[in-house]
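Observations on the model geometry
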Amino acid sequence: MSYLSWFDDQADRHKALMKKLLAQGLDQEEIIAYFDFENMVKMEPDFCPLYTEKNSDGTTGRKCHDMKQLNCYLCACPNFRFRDAGFEERDGKRVYSYCSIDSKEGRQGVYGDAIHQDCSGCTVPHHVSYIKKHYDEDWREVMKEVVQ
Ligand code: SF4
């Protein structure tokens, strides 16, 4: 799957869910609370493939990041930058994505002849405080800089 097809698919999922929640009259605070990982696993199992994965303790729903209160409203991250055709060559490898704020928790991963941003160690967009700061009902508006 290309970055862009994932991005468009996620935008559609987010839009459909927001339409439902807004129709129910939820306000911003309630919407962000709804996107809490535990609630999403229970209420929206089709929203993310990780929600239906089993954990070693028998529970269902695997977190993409090991944090106590994980919120899924801003999956992906507004600071992520990608270009499916790649940005540049670096040491004979093509760079397809990077972090615009160069988060110390992220890193550039090398996969064969490709370099991709690896966000597996970064929790920035999953904190409620960050989501409140960058909140917009329109996911594409928040993510407008991501596609280059
Ligand atoms: S490293 Fe962190 S801040 Fe940077 S794009 Fe990835 S999740 Fe976002």
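Scroll up to find the structure this text is about.
Residues numbered from 1 in each chain as written. Predicted model: local features only at pLDDT ≥ 70, side-chain atom pairs only at ≥ 80, totals over all residues.

A word on the pairing of strand β6 (residues 114–118)
Two strands pair when backbone bridges link them, and strand β3 (residues 93–95) and β6 are joined in this way by two bridges, in the parallel orientation. Note that in β6 the partner of valine 95 across the bridge is isoleucine 115. As defined by bridge partners, strand β5 (residues 107–111) adjoins β6 across five bridges and the pair is classed as antiparallel. Across the sheet, the residue bridging to arginine 107 is aspartate 118, located in β6. The turn linking β5 back onto β6 is made up of two residues, and glycine 112 within it adopts a positive phi angle of 65°. (Pairing = 2+ DSSP bridges. Helix = DSSP H or I, 4+ residues; strand = E, 2+ residues; numbered from the N terminus.)

Structural notes on the nonpolar core
In terms of nonpolar packing, the biggest core is built from 19 residues, with Phe35, Met40, Cys72 and Phe80 touching the most fellow members. Looking at this core, the elements with two or more residues in it are α3 (37–43), β1 (80–82) and α5 (139–142). It is α3 that contributes the most residues to this core, three residues altogether. (Core = buried A, V, L, I, M, F, W, Y, C linked by C-beta atoms within 7 Å. Buried ≥ 20, exposed ≤ 12 C-beta atoms within 10 Å, placed from the backbone.)

Some remarks on the environment of glycine 121
Within the secondary structure, glycine 121 is located in the loop between β6 and α4 (128–133). Taking the C-alpha atoms as reference points, glycine 121 and methionine 1, separated by 120 residues in sequence, lie 22 Å from one another.

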